[in-house]
Amino acid sequence: MELRQLRYFVTVVEEANVTRAAARLHVAQPGVSAQIRQLERELGQPLLDRSGRSVTTTEAGDAVLPYARAALAAADGVRQTVDEFSGLLRGRVRIGLVSGAATHEFDVVSVLADFHDRHPQVEIGLTEDSSERMLAAVRRGELDIAAAGLVDEEPPPGLALQMVVDEALVVAVAPGDPLVAQAGPAGIPLAALDGRPLISLPRGTGLRGVLDRACAQAGIRPRIAFEAASPLLLVRLAARGLGVAVVPELPPGTAAESGLRTLRITEPQPRGRIALVWRADGPASPAARSLLERLRAALVPTAA
């Protein structure tokens, strides 16, 4: 049994696909398949079920998986310990980004690029997913760090966070929309959206969770006409007259360029929040801890 075989096995399980696993490992697909089959022959049990569209673990594979991960972690720990003595960082850091985070006011990409220049031996794996799934992945140790949307200000159980964005939610509407005439100096009450077709982020995102909770507090049921993963796409849909977009505060000029007006939501006053999130006991690897420190220093919280 070789560490290489265990690494191939774990990667295929994580990707649920041999082709994607081979691409991530930078190895030809037949080589990955051959090494895993050799491992299965040595253990005398099939570890993977290849009969479906996605590769899944067999009962034996489920039992072997935690030991394979532990063996790889131990081997990585040996390398990291030696590297720390020489001041070298290596390994892999897994980061999750909520959709649109890389283009937000905080510049995640520049931080990652600078970190890579300083530590070229560290491989950075990026995932873009819903906040709900990323928070669960951080809790399970499948992601080291995530920039995720939050429903609450307090960190979810088992996680720590640093808020990087805390913005008022607004509605984006055409200038002639009746909501503009109804709005007061502070904005419009959420109840004014009752029965209107809304354009929002999908379920599982922090902003959608905030909207659903605020609607429950206001005693209304949101009528979601369209869902999209990017706030800017929501604005474009609203500009075509497909509904009222509920989005975080937009950069200056963005709404006007699209021919829209933005109104703050009041009574209640929902806010869109994005935070850096990590396990409460800290990332496991020195590389992940170092990158987290840089992200926390660079991503200064913003509020609106």
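Scope of this entry: the structure provided in the associated data block. Nothing here was measured: the structure is a model prediction, and the numbers come from that model.

**Some words on helix α6 (residues 131-140)**
When we look at burial in α6, the residues that qualify are Ser131, Met134, Leu135, Ala137 and Val138. Along the axis of α6, the buried residues cluster in a sector spanning 160°; they form a single face. Exposed side chains of α6 directed beyond 90 degrees from the buried face belong to Glu132, Arg133 and Arg140. Those residues of α6 that are buried are in contact with β3 (91-98), β4 (122-129), β5 (145-150), β6 (159-173), α8 (206-218) and β12 (271-279). Looking one or two residues past α6, glycine 141 carries a phi angle of roughly 85°, positive in sign.

**Some points on the pattern of salt bridges**
Applying the stated criterion across every chain, the model contains 20 salt bridges. Residue glutamate 40 is joined to arginine 50 by a salt bridge in which the shortest nitrogen-to-oxygen separation is 3.2 Å. Here glutamate 40, found in helix α3 (residues 29-43), pairs with arginine 50, found in the loop between β1 (48-49) and β2 (56-57); they are 10 residues apart in sequence, far enough to count as distant. On the basis of relative accessible area, glutamate 40 is assigned to the buried category, the value being 8%. The exposure class of arginine 50 is partly exposed, given its relative accessible area of 32%.

**Focus: the nonpolar core**
The biggest cluster of nonpolar side chains holds 36 residues, and the ones touching the most others in it are Val93, Leu276, Leu291, Leu295 and Leu299. Sorting the residues of this core by element identifies β3, α5 (108-118), α6, β5, β6, β12 and α11 (286-298) as the ones contributing at least two each. Judged by nonpolar contacts, the second largest core, of 34 residues, contains Leu179, Ile188, Ala214 and Ile220.

**Let's talk about the pairing of β12**
Most of β12 is tucked away, with seven of its nine residues classed as buried. Two elements, β5 and β12, share five bridges in a ladder whose sense is antiparallel. If you follow alanine 147 over to β12, its bridge partner there is leucine 276. Bridge analysis of β6 against β12 gives nine bridges, and the strand direction is antiparallel. Paired with alanine 160 across the bridge in β12 is tryptophan 278.

**As for the environment of leucine 193**
Take leucine 193: it is sitting in the loop between β7 (188-189) and β8 (197-200). By relative accessible area, which is 3% here, leucine 193 ends up buried. Taking C-alpha positions, leucine 193 is 9.6 Å from isoleucine 265, a pair spaced 72 residues apart along the chain. Excluding anything up to four places from it in sequence, leucine 193 contacts Val171, Leu179, Ile188, Leu198, Val244 and Val246.

The rules behind these values
- Here, residues in each chain are numbered from 1, in the same order as that chain's written sequence.
- The predicted origin of the model limits local features to residues at a pLDDT of at least 70 and limits the giving and counting of side-chain atom pairs to 80 or more, whereas totals for whole chains, interfaces and linings rest on all residues.
- Side-chain descriptors were evaluated using all non-hydrogen atoms of the structure, hydrogens and water having been removed beforehand.
- When a residue's accessible area, from a 1.4 Å probe over protein chains only, is under 20% of the maximum for its type it is buried; when over 50% it is exposed; and in between it is partly exposed.
- Per the convention used, a helix needs a DSSP run of H or I reaching at least four residues, while a strand needs a run of E reaching at least two, with both numbered from the N terminus.
- The arc in question is traced by the directions running from the helix axis to the C-beta atoms.
- Pairs of residues are marked as contacts when any of their non-hydrogen atoms sit within 4.5 Å.
- Any carboxyl oxygen of Asp or Glu that lies within 4 Å of a side-chain nitrogen of Lys or Arg is treated as forming a salt bridge with it.
- By nonpolar core we mean a set of buried residues, namely Ala, Val, Leu, Ile, Met, Phe, Trp, Tyr and Cys, connected to one another through side-chain atoms within 4.5 Å.
- Strand pairing is assigned whenever DSSP identifies at least 2 bridges connecting the two strands.

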